[in-house]
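Letter by letter, the chains look like this.
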Amino acid sequence: ILLIGALLLLETNRKRRKRSERLLSDVNRAQHELATVSLDRKQVMNLAVQHARDLVHADGAVIEVLSGEELIYEFASGHASQFVGMRISKNGSFSG
């Protein structure tokens, strides 16, 4: 039983290491793409929000921009794309 437990632990650690290596590779790729993309703000932000979504395996991601007392959903990907342009009060919001 001890040998089986040790083998299961080794396999679990191997899978975790593989996931960590994959994530690090994905982060490095995202950083490279962001560093080599043109300096166009819209292109950089759209690429950043796409990578953010992909890195955490989310259905959507959004970048909010502060405008006075409001947060504007300025860039989004996936399911969050439908909310681009939406304004929320920064007070009492999760982001504010």
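Residues numbered from 1 in each chain as written. Predicted model: local features only at pLDDT ≥ 70, side-chain atom pairs only at ≥ 80, totals over all residues. Heavy atoms only, no water.

Asks: Mind laying out a positive patch on the surface, listing which residues take part and the relevant values?
Replies: Together, Lys-15, Arg-16, Lys-18, Arg-19 and Arg-22 give the surface a local cluster of positive charge. Position of Lys-15 among the secondary structure elements: in helix α1 (residues 2–36). On the accessibility criterion, Lys-15 (44% relative accessible area) is partly exposed. (Patch = residues over 30% accessible without salt bridge, like charges linked within 9 Å, V, L, I, M, F, W, Y side chains within 5 Å. Areas by Shrake-Rupley, 256 points an atom, 1.4 Å probe, with all protein chains shown as cover. Salt bridge = Lys/Arg side-chain N within 4 Å of Asp/Glu carboxyl O. Lys, Arg positive; Asp, Glu negative; His and termini not counted. Charge placed at Lys NZ, Arg CZ, Asp CG, Glu CD. Helix = DSSP H or I, 4+ residues; strand = E, 2+ residues; numbered from the N terminus. Buried < 20%, exposed > 50% of the residue type's maximum accessible area, 1.4 Å probe, protein only.)

Asks: Tell me what's going on with the side chain of Ser-93, and back it up with residues and numbers.
Replies: Following the sequence through the fold, Ser-93 ends up in the segment after β3 (87–89). Residue classification places Ser-93 among the buried positions, given a relative accessible area of 17%. Setting aside anything within four residues of it in sequence, one finds Ser-93 in contact with Leu-71 and Ile-88. (Contact = heavy atoms within 4.5 Å.)

Just distances and angles here, no functional claims.
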